[in-house]
Amino acid sequence: MKKILLAFSFSVVSFINSYAQQPQKPDASEIFESIKKLNFLGSVLYLAAHPDDENTKLISYMANEVKARTAYLSLTRGDGGQNLIGPELRELLGVIRTEELLAARRIDGGEQFFTRANDFGFSKHPDETLSIWNKNQVLSDVVLAIRRFQPDIIINRFDHRSPGTTHGHHTSSAMLSVEAFDISNKTEQFPDQLKTVDPWQPKRLFFNTSWWFYGSKEKFDAADKSKLLQLDTGVYFPSSGLSNTEISAISRSQHKSQGFGNTGTRGSEYEYIELLKGDMPIDPNNIFEGINTTWSRVKGGEAIGKLLKQVEQEYDFKQPSSSIPNLVKAYTLIQNLEDTHWKTIKSNDIKHVIAACAGLYLEAAANHNWATINELVNLNIEVVNRSNLGITLESITLPNGTSLSKNMTLTNNKKFNFNYDYTIADTTKLTTPYWLLEQGTLGMYKVDKEALIGKPETPRTQNVIFNIKIANINIPFNKAVIYKTNDPVKGEVYKPFEIIPEVTSQLSEPVVIFAEDTQKQVAVKVTAGRSNIIGHVSLQTPDNWNVTPESHTLNIANKGETQTVLFTVTPPKTQSEVKVAPLVTLNGKTFSKALIEIDYEHIPFQTVVMPNESKFVRLDIKRKGDNIAYIQGAGDVVPESLRQIGYQVAEITPEDITPINLSRFDAVVVGIRAYNTLPDLKYKQQILFDYVANGGNLIVQYNTSHQLKVDTLAPYALQLSRERVTDENAKVTFLDPDNELLNSPNKISEKDFEGWTQERGLYFPSQWGPEFTPLLEIHDKNESKKEGSLLVAKYGKGHYIYTGLSFFREFPAGVSGAFRLFANMLSIGKENINLTSNLND
């Protein structure tokens with residue numbers, strides 16, 4: 001199940017021993033910690049720009065030691081980052097990183113929110129960031145998050161006073177937070193929000209500082225700390241057997257796509273927060289001093305607080321169910337509160353605690369992990385009460401609204417199973433990520449429905465309500481429909497239950513390159529969302545692209561099965577780039593969406609429905625050589641892209657790097673960040689250098705100087721930096737226009753740098769030996785010239801090339817010039833042209 005009981009902060013041990021989709025089953029210690037949290041009415045909102053920006057030590061400390069309701073507001077979903085675990089980039093990477101944040105919050109006890117801001121890539125200044133984002137919309141989203149969450153405390157990860165010194169997204173997040181703090185209580189600001197939320201004024205705003213922001217530990221030690229609070233986040237929790245810093249390390253390690261695996265520590269460890277707005281607590285160790293965090297802050301709440309304090313004091317670890325009578329009394333009182341904010345939060349929390357104390361297991365499992373509208377779905381419902389308390393199942397309400405009366409006594413440890421069919425309503429919406437449903441802009445996702453803005457996931461619409469009577473009080477428990485199966489290796493495996501289109505289709509490649517004017521066969525895979533699919537699929541292309549046949553007949557008998565058809569595509573003789581989409585027709589209705597599944601063990605299984613569009617490129621390209629070795633690093637689609645222009649590409653590992661093996665290749669390409677992620681390359685460098693000396697070409701794509709695994713990156717002096725060019729349209733100047741690499745076999749011109757995406761490149765070398773020839777100069781506006789994006793050096797009989805240009809982004813986008821330039825890099829020093837373009841002049 002994707003929704004986990006947030007009340008159970010200490011779910012770490014059970015989480016480690018299970019798979020990401022499984023429901024939580026809290027033990028007696030975890031239940032006790034949840035009871036203690038019921039008696040704390042204070043909230044902290046941590047705010048930054050991206051997934052992995054958050055300080056998990058501080059989030060875990062606030063949630064688990066302070067017992068505050070704690071959330072992280074990430075302005076973006078991290079779409080612009082790299083991916084160390086797979087090929088997904090941009091929107092699909094954003095889906096992965098969203099789920100990684102949710103996985104982290106399940107461990108550290110926080111909640112997770114977002115804005116509509118799109119991570120468009122690295123930005124050097126907040127002025128640029130806020131010009132690409134819609135500043136007013138993002139500010140509106142931050143204000144909405146504050147008004148919904150009603151935090152007493154806001155903590156910024158970054159400093160709003162230092163624009164231009166770090167990532168523009170980082171500084172922008174802090175600037176927007178400061179502005180939102182001042183206006184979230186003003187009714188004239190974003191008044192349309194006040195139909196659903198109330199104005200809210202947080203009490204204090206902090207900046208989570210550290211010695212790093214001061215430049216050195218010595219400067220930090222000497223700094224004035226009168227406005228700083230010092231919090232020992234290294235506290236130990238006997239109930240879980242873990243220190244807070246160990247929990248936070250496990251949480252941070254969920255950012256696997258970014259390579260943020262973290263080792264836990266033990267012992268005192270201090271975090272510092274600087275007061276920016278509000279009054280300074282007298283106690284430097286108590287962030288909530290002077291703020292009422294008891295039930296007395298809510299009208300009618302004191303009686304609830306007394307009951308829950310009694311529950312905490314009388315809690316029986318051997319018999320948690322003995323707490324249920326007073327918990328039910330407290331639940332009843334909560335229903336009478338006028339304060340709808342705390343009523344909603346604490347009602348949800350206490351229901352989870354009551355269910356946990358009773359060992360109440362409620363589950364509704366579908367017979368497939370997806371369905372379509374108007375489809376009949378079979379549900380297997382399981383109900384178990386594992387306590388001696390008298391509990392009655394009054395009724396079950398199915399997702400279509402059908403109420404089934406039960407009036408059954410749930411005796412201790414007796415399992416009840418029910419089997420029901422229901423039909424998915426024809427008004428049901430797809431469960432795909434809501435922020436991907438409509439086309440946005442470079443800087444913003446398009447989400448018009450305010451109720452969705454900020455939510456981490458698309459809300460589940462297929463839910464079963466279990467109406468349970470406990471101690472003569474009716475309590476409804478809402479459970480999302482899930483799918484589960486048994487895997488012979490993993491055992492019980494859960495997946496979310498999704499609503500998808502009746503049929504989806506997908507081209508075999510997001511970009512298809514035609515290096516000459518001969519035809520290619522293009523595969524389209526059609527997936528049946530329901531049984532008995534009979535229709536046609538066609539390929540929509542411009543008139544100057546010839547496609548045969550005009551359409552294929554579809555006949556798919558069973559739900560989940562696929563049918564793959566082949567279209568023969570003949571490109572025009574002139575260079576051309578077009579968008580192409582398959583179109584499926586069923587009973588007069590058309591379907592044009594693709595079904596994409598993302599399956600990693602650390603996050604729930606993801607089913608994404610997106611527009612199905614590929615790019616066909618008729619490319620004016622020549623190449624030399626045939627056989628390429630590719631050493632995959634952090635993960636990219638460069639090998640597949642090179643195959644499309646005619647190269648034979650063998651993907652090799654460090655173990656394959658031997659003189660005999662390399663001798664059969666015309667060139668060896670090292671994937672992005674390979675020298676950061678493959679320690680064994682340290683022992684293979686000399687073999688690679690000898691390969692170059694004997695006449696081979698070695699192309700090394702970007703690495704970072706941080707965590708470099710090799711002592712010697714190149715056969716000559718080469719020093720990496722953090723220099724990058726984030727403007728994908730930045731002017732490119734040729735420093736050595738007569739160089740072979742810019743002229744053979746393809747004549748490279750400024751036109752080849754048109755249409756690039758996200759950036760020019762990153763982590764360019766800043767210093768290099770005289771043996772290297774820099775070929776390009778690129779820089780962002782108002783910045784110094786940068787000449788390290790493409791360096792070439794003759795070494796023995798071959799060539800060593802280092803490039804920070806973002807080919808790993810340009811190839812998936814089908815950027816023609818990137819292919820032509822890379823072909824030249826592979827071809828340098830070779831004699832015969834193997835493939836000649838037949839384009840007309």
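Residues numbered from 1 in each chain as written. Predicted model: local features only at pLDDT ≥ 70, side-chain atom pairs only at ≥ 80, totals over all residues. Heavy atoms only, no water.

Peer 1: Pulling in residues and values, what's your account of the overall build of the chain?
Peer 2: Of regular secondary structure, the chain possesses 19 helices and 45 strands. Expressed as lengths along the three principal axes of its C-alpha atoms, the size of the chain is roughly 85 × 75 × 55 Å. By the burial criterion, 59% of the 841 residues in the chain qualify as buried. Taking the contacts inside the chain whose residues are at least 6 apart along the sequence as the reference set, 75% of them involve residues at least 24 apart. Accessible surface, the chain: about 33400 Å² in total, of which carbon and sulfur atoms supply 47%. Between the mean site of the 88 positive side-chain charges and the mean site of the 97 negative ones, the chain shows a separation of 4 Å. (Helix = DSSP H or I, 4+ residues; strand = E, 2+ residues; numbered from the N terminus. Buried < 20%, exposed > 50% of the residue type's maximum accessible area, 1.4 Å probe, protein only. Contact = heavy atoms within 4.5 Å. Areas by Shrake-Rupley, 256 points an atom, 1.4 Å probe, with all protein chains shown as cover. Lys, Arg positive; Asp, Glu negative; His and termini not counted. Charge placed at Lys NZ, Arg CZ, Asp CG, Glu CD.)

Peer 1: Which residues make up the packing of helix α12 (residues 324-334) against helix α13 (residues 340-357), and what are the values?
Peer 2: At their nearest, the axes of α12 and α13 sit 10 Å apart, and the two run at 160° to each other. Classed by the angle they form, the pair α12 and α13 counts as roughly antiparallel. Crossing geometry of α12 relative to α13 is assigned as left-handed. Contact residues: α12 offers Ile324, Leu327, Val328, Ala330, Tyr331 and Ile334, while α13 offers Lys343, Lys346, Ser347, Ile350, Lys351, Val353, Ile354 and Cys357. (Axes fitted to C-alpha atoms, helices over the stretch in contact; angles between N-to-C directions. Parallel < 35°, antiparallel > 145°, perpendicular 65-115°, else oblique. Left-handed = near helix turned anticlockwise from the far one by under 90°.)

Peer 1: Can you break down the sheet that holds strand β43 (residues 790-795) residue by residue, with the values?
Peer 2: Read across the open sheet, the 7 strands follow the order β35-β34-β36-β37-β44-β43-β41; overall the sheet is mixed. Two strands lie at the open edges of the sheet, namely β35 (648-652) and β41 (772-774), each paired on one side alone. The mean angle between the axes of side-by-side strands here comes to 20°, regardless of whether they run parallel or antiparallel. Pairing geometry for β41 and β43, over 3 bridges, is antiparallel. What sits directly across from Phe772, in β43, is Ala793. Of the strands in this sheet, β34 (627-631), β36 (667-670), β37 (697-700), β43 and β44 (798-803) are in contact with helix α17 (residues 685-693), which crosses β44 at around 125°. Helix-sheet contacts for helix α19 (residues 816-827) involve β34, β36, β37, β43 and β44, and the interaxial angle to β37 is about 140°. (Pairing = 2+ DSSP bridges.)

Peer 1: Lay out the confidence of the model for the chain with the relevant residues and their values.
Peer 2: Of all residues in the chain, 96% have pLDDT values of 70 or greater, and the mean over the chain is 93. Predicted confidence is poor over residues 1-19, with pLDDT under 50, and the contacts of this stretch with residues over four places away or in other chains come to 63 contacts. The low-confidence segment residues 835-841 (pLDDT under 50) makes 23 contacts with residues lying over four places distant or belonging to another chain. (pLDDT = per-residue confidence, 0-100.)

Peer 1: A description of the sheet that holds strand β4 (residues 153-156) should follow, citing residues and the corresponding values.
Peer 2: If you trace the 7 strands from one edge of the open sheet to the other, you get β3-β2-β1-β4-β5-β9-β6, paired in mixed fashion. Two strands close off the open sheet at either side, each with one partner strand: β3 (111-114) and β6 (228-232). Taken pair by pair, the neighbouring strands of this sheet meet at an average axis angle of 30°, ignoring direction.

Peer 1: Please set out the environment of Ile482 residue by residue, giving values where relevant.
Peer 2: One can find Ile482 in strand β18 (residues 482-487). Separated by 336 residues in the primary sequence, Ile482 and Ile146 place their C-alpha atoms 31 Å from one another.

Peer 1: Could you give an account of the pairing of β18, with specific residues and numbers?
Peer 2: Strand direction decides the pairing type here: strand β10 (residues 361-366) and β18, joined by 2 bridges, are parallel. When the sheet's bridge partners are listed, Ala365 is paired in β18 with Ile482. Relative to strand β19 (residues 491-496), β18 runs antiparallel, the two sharing 6 bridges. For Asp487, the partnering residue across the bridge sits in β19 and is Gly491. Connecting the antiparallel pair β18 and β19 is a turn made up of 3 residues.

Peer 1: Break down helix α10 (residues 244-252) for me, with residues and values.
Peer 2: Counting buried positions over the 9 residues of α10 gives 8, a clear majority of the element. Every buried residue of α10 is listed here: Asn244, Thr245, Glu246, Ile247, Ser248, Ala249, Ser251 and Arg252.

Peer 1: Run through the packing of aromatic side chains, naming residues and quoting values.
Peer 2: For the structure shown, the criterion picks out 27 aromatic pairs. Ring centres 6.4 Å apart and planes at 20° place the aromatic pair Phe418 and Tyr420 in the stacked group. Ring centres of Phe734 and Phe753 lie 6.2 Å apart, and the angle between their planes is 65°; this geometry places the pair in the edge-to-face category. Taken together, the residues span a long stretch of sequence, with Phe734 in strand β39 (residues 732-734) and Phe753 in the loop between β39 and β40 (761-768) at a distance of 19 residues. Judged by its relative accessible area of 21%, Phe734 falls in the partly exposed class. By relative accessible area, which is 4% here, Phe753 ends up buried. (Phe/Tyr/Trp six-rings, centres within 6.5 Å; stacked < 30°, edge-to-face > 60°.)

Peer 1: Requested: an account of the pattern of salt bridges, with residues and values cited.
Peer 2: Using the criterion set out here, one finds 42 salt bridges in the structure. The closest approach of N and O atoms between Lys135 and Glu179, which form a salt bridge, is 3.4 Å. Taken together, the positions of Lys135 in helix α6 (residues 135-149) and Glu179 in helix α7 (residues 168-183) put the pair 44 residues apart, joining distant regions of the chain. Relative accessible area serves as the criterion here: at 35%, Lys135 is assigned to the partly exposed category. Residue Asp152 is joined to Arg297 by a salt bridge in which the shortest nitrogen-to-oxygen separation is 2.9 Å. One end of the pair, Asp152, is in the loop between α6 and β4; the other, Arg297, is in the loop between β9 (270-277) and α11 (302-313), and 145 residues separate them in sequence. Here Arg297 falls in the partly exposed class, since its relative accessible area comes to 24%. A cluster of three or more residues bridged by salt bridges with shared partners is formed by Lys124, Asp780, Glu783 and Lys786. (Salt bridge = Lys/Arg side-chain N within 4 Å of Asp/Glu carboxyl O.)

Peer 1: Could you give an account of the side chain of Lys624, with specific residues and numbers?
Peer 2: Looking at the secondary structure, you find Lys624 in strand β33 (residues 623-624). The side chain of Lys624 is buried and forms no salt bridge, while Glu740, the nearest opposite charge, is found at 4.6 Å.

Peer 1: If you had to explain the nonpolar core to someone new, which residues and values would you point to?
Peer 2: Core analysis: the largest hydrophobic core is formed by 57 residues, its most contacted members being Ile381 and Phe466. At 8 residues, α13 tops the list of elements feeding residues into this core. What Phe466 contacts, discounting residues up to four positions off in sequence, is Leu362, Glu363, Ile381, Val383, Leu393, Ser395, Ile396, Ile475, Pro476, Phe477 and Lys479. Counting residues in each nonpolar core, the second largest holds 43 residues, with Leu642, Tyr647, Val669 and Leu790 among its members. (Core = buried A, V, L, I, M, F, W, Y, C linked by side-chain atoms within 4.5 Å.)

Peer 1: I'd like a description of the environment of Ile657, backed by residues and values.
Peer 2: With respect to the element layout, Ile657 can be found in the loop between β35 and α15 (659-662). For Ile657, a relative accessible area of 0% corresponds to the buried category. Distance in space between the C-alpha atoms of Ile657 and Ala629 is 9.7 Å, their sequence separation being 28 residues. Filtering out sequence-adjacent residues up to four positions away, Ile657 remains in contact with Ile631, Ile652, Leu662, Leu681, Lys684, Ile687 and Leu688.

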